[in-house]
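Observations on the three-dimensional arrangement
The lines below spell out each chain.
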Amino acid sequence: VQLQASGGGLVQAGGSLRLSCAASGRAISSCDMGWFRQAPGKEREFVVAIMWSVGRTYIGDSVKGRFTISRDNAKNTVALQMNSLKPGDTAVYYCTAGVSGRYSYTSPNRYDYWGQGTQVTVSS
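Quick notes on the rules
- Residues numbered from 1 in each chain as written.
- Predicted model: local features only at pLDDT ≥ 70, side-chain atom pairs only at ≥ 80, totals over all residues.
- Heavy atoms only, no water.
- Helix = DSSP H or I, 4+ residues; strand = E, 2+ residues; numbered from the N terminus.
- Buried < 20%, exposed > 50% of the residue type's maximum accessible area, 1.4 Å probe, protein only.
- Contact = heavy atoms within 4.5 Å.
- Core = buried A, V, L, I, M, F, W, Y, C linked by side-chain atoms within 4.5 Å.
- Salt bridge = Lys/Arg side-chain N within 4 Å of Asp/Glu carboxyl O.
- Pairing = 2+ DSSP bridges.
- Phe/Tyr/Trp six-rings, centres within 6.5 Å; stacked < 30°, edge-to-face > 60°.

Thoughts on the environment of Ser84
Mapped onto the fold, Ser84 is located in the loop between β8 (77-82) and β9 (91-98). The class of Ser84 is partly exposed, set by a relative accessible area of 41%. Along the chain, Ser84 and Gln12 lie 72 residues apart, while their C-alpha atoms are 9.5 Å from each other. Once you skip the residues sitting within four places of it in the chain, Ser84 turns out to touch Gly14, Gly15, Ser16, Arg66 and Asp89.

Structure (structure tokens):
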């Protein structure tokens, strides 16, 4: 599975961005899809995920109420809608896909494929 993320950029605090991830090589309808982020000097952090089996979504505590994930099976894309952005959301955001079903949905180990990352910078 190849994943191509796009939509990152510079935005002021309180603004919104929408990241998109285009998948190829496998239908995302059969994958758990997620987004992680990593800020300089920090560990990779779980953001959101959507499970393939029932479409259930999981949202990280730090973005709950502000970020949502959605998928378009017909276009084989997944999107991350980010609202009310804060400077603390500044990071490289990675799109991920998992097929093994092992590990917690918040663990990077659950996800077998990773995109190249897209930078999101939120200015104060």
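Looking at the nonpolar core
Met33, Trp35, Phe67, Leu80, Met82 and Tyr93 are the most contacted members of the largest nonpolar core, which has 28 residues in total. Contributions of two or more residues to this core are made by β1 (2-6), β3 (17-24), β4 (32-38), β5 (45-50), β7 (67-72), β8, β9 and β11 (118-123). If near-sequence neighbours (up to four positions away) are discounted, Met82 is found in contact with Gly15, Ser16, Leu17, Leu19, Arg66, Phe67, Tyr93 and Val120. Phe46, Ala49, Met51 and Tyr58 belong to the second-largest nonpolar core, a separate cluster that totals six residues.

Here's the deal with the pattern of salt bridges
Scanning the entire structure with this criterion turns up five salt bridges. Taking the shortest distance from any N to any O, the salt bridge between Arg110 and Asp32 comes out at 3.0 Å. Placement of the pair is Arg110 in the loop between β9 and β10 (113-114) and Asp32 in strand β4, with a sequence separation of 78 residues. Side by side, Arg110 and Asp32 carry an identical accessibility label, which is buried. Residue Asp89 is joined to Arg37 by a salt bridge in which the shortest nitrogen-to-oxygen separation is 2.9 Å. With a gap of 52 residues between them, Asp89 in the loop between β8 and β9 and Arg37 in strand β4 connect regions that are remote in the sequence. For Asp89, a relative accessible area of 2% gives the class buried.

Notes on the pairing of β4
Within β4, six of the seven residues are buried, which leaves it mostly tucked inside the rest of the structure. In terms of strand pairing, β4 meets β9 through seven bridges, oriented antiparallel. When the bridges of β9 are listed, Met33 appears paired with Ala97. Bridge count between β4 and β5: five bridges; the pairing is antiparallel. Paired with Met33 across the two strands is Ile50, which belongs to β5.

Observations regarding the packing of aromatic side chains
Enumeration according to the criterion identifies six aromatic pairs in this entry. Judged by centre distance (5.2 Å) and plane angle (50°), the ring pair of Phe36 and Trp114 falls under tilted. Separated by 78 residues along the polypeptide, Phe36 in strand β4 and Trp114 in strand β10 bring together distant segments of the chain. You can call Trp114 partly exposed: its relative accessible area is 28%. When the centroid spacing of 3.6 Å and the interplanar angle of 25° are considered together, the rings of Tyr58 and Tyr105 count as stacked. Residue Tyr58 is located in strand β6 (residues 57-59), and its partner Tyr105 is located in the loop between β9 and β10; the two are separated by 47 residues in the primary sequence.

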